[in-house]
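These are the residues of each chain, in order.
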Amino acid sequence: MDLKETSNLLASLTAGQVEAVVGPSPFPEVAQTRGIGKVLVNLGELPPAGQWANFPCCVGVASEEMIAKHPEVVRAFVALISRVGAWCNAHPQQAGEIAAQWIGLPPEAGRKSSLVFLGSFNDSWLRGADTYLRILDSMNKFSGSLRHKTMEQARPLLINDSFLDTGK
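Residues numbered from 1 in each chain as written. Predicted model: local features only at pLDDT ≥ 70, side-chain atom pairs only at ≥ 80, totals over all residues. Heavy atoms only, no water.

1. Description of the overall build of the protein
Then, number 1: A count of helical and extended segments in the protein gives eight helices and zero strands.
Then, number 2: The order of α-helices and β-strands along the protein, N terminus first, is α-α-α-α-α-α-α-α.
Then, number 3: When its C-alpha atoms are laid out on the principal axes, the protein stretches across 50 × 40 × 30 Å.
Then, number 4: Burial statistics for the protein: of 168 residues in total, 23% are counted as buried.
Then, number 5: Within the structure as shown, the protein displays about 11800 Å² of accessible surface, and the carbon and sulfur contribution to it stands at 57%. (Helix = DSSP H or I, 4+ residues; strand = E, 2+ residues; numbered from the N terminus. Buried < 20%, exposed > 50% of the residue type's maximum accessible area, 1.4 Å probe, protein only. Areas by Shrake-Rupley, 256 points an atom, 1.4 Å probe, with all protein chains shown as cover.)

2. Overview of the environment of Leu 105
Then, number 1: Within the secondary structure, Leu 105 sits in the loop between helix 5 (92-103) and helix 6 (107-111).
Then, number 2: Considered as a pair, Leu 105 and Pro 26 are 79 residues apart in the sequence and their alpha carbons are 8.7 Å apart.
Then, number 3: The residues contacting Leu 105, other than those within four sequence positions of it, are Pro 26, Val 30 and Ala 100. (Contact = heavy atoms within 4.5 Å.)

3. Comments concerning the pattern of salt bridges
Pairs can form between side chains of opposite charge once their charged atoms are near each other.
Then, number 1: Within the structure shown, the criterion is met by five salt bridges.
Then, number 2: Of the charged contacts, one joins Glu 65 and Lys 69 as a salt bridge, the two residues approaching to 3.0 Å between their closest N and O atoms. Residue Glu 65 and its partner Lys 69 are located together in helix 3 (residues 64-69), separated by four residues, close to a single helical turn. Like Glu 65, the residue Lys 69 is exposed in the burial classification.
Then, number 3: As a salt-bridge pair, Glu 97 and Arg 111 come within 3.2 Å of each other at their nearest N and O atoms. A residue pair is termed long-range when its members are at least 10 positions apart, and Glu 97 in helix 5 and Arg 111 in helix 6 qualify at 14 residues.
Then, number 4: With a relative accessible area of 32%, Glu 97 lands in the partly exposed category.
Then, number 5: Take Arg 111: its relative accessible area is 33%, and that puts it in the partly exposed class. (Salt bridge = Lys/Arg side-chain N within 4 Å of Asp/Glu carboxyl O.)

4. A short note on the nonpolar core
Note on soluble globular proteins: their nonpolar side chains tend to be buried together.
Then, number 1: In terms of nonpolar packing, the biggest core is built from ten residues, these being Leu 3, Leu 9, Leu 10, Leu 13, Val 18, Val 30, Ala 31, Ala 100, Leu 105 and Ala 109.
Then, number 2: Secondary-structure elements contributing two or more residues to this core are helix 1 (9-14) and helix 2 (27-33).
Then, number 3: Per element, the largest residue contribution to this core is three residues, and it comes from helix 1.
Then, number 4: Counting nine residues, the second-largest nonpolar core is a separate cluster that includes Trp 125, Leu 133, Phe 142 and Met 151. (Core = buried A, V, L, I, M, F, W, Y, C linked by side-chain atoms within 4.5 Å.)

Structure below.
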C-alpha cells in the first residue's frame, strides 16, 4: 500500500490500517520507542549482501542560479555538511540525540538511528539512486528531462560533485 508520505507511516501503523511499514530513519526507530512497532531489519542488511548499502536518503540541493552567482557559499555549505557528516559518523549516538531533540523526537529513537553520511557518490550510492529513478519513473512521477532515464543518463542533470573536497 502506498501511504503517499512518510508522515503517514506511524499514523497508519498506530491506527491498524497497516501491519508493517518500510520507511527511512527515524520512523522505524520512533515506532519502536513508542511501542507501536519493532525494527525488524535495516535496509543495508537485506540480501544480496552489499546491494542496499549506502542507499540514498538525503541530498543537498542548490539552484543553477545559486551555483553560478555564489559558488563560494555553495562550497562553504558543502564543506560544512561534509564535516558535520563525518562528525555524525564518528559520534552516531550523540548525533542521533541532537537530531532527535532538534526535530522533537524521543532521544532513544535518535540513539538507535543507523544513518551513515557519505562524502562522495560511491558506486553503491549511485546504484541506489538508479533504483530510485527507475521506481519513480515507473510510478509516472517524471514528465520532463528525467522521464525514462537511468542514473548514468541523468547524472549530468542531477549531480554536481565539483564542490566536494575529494582530497585532490
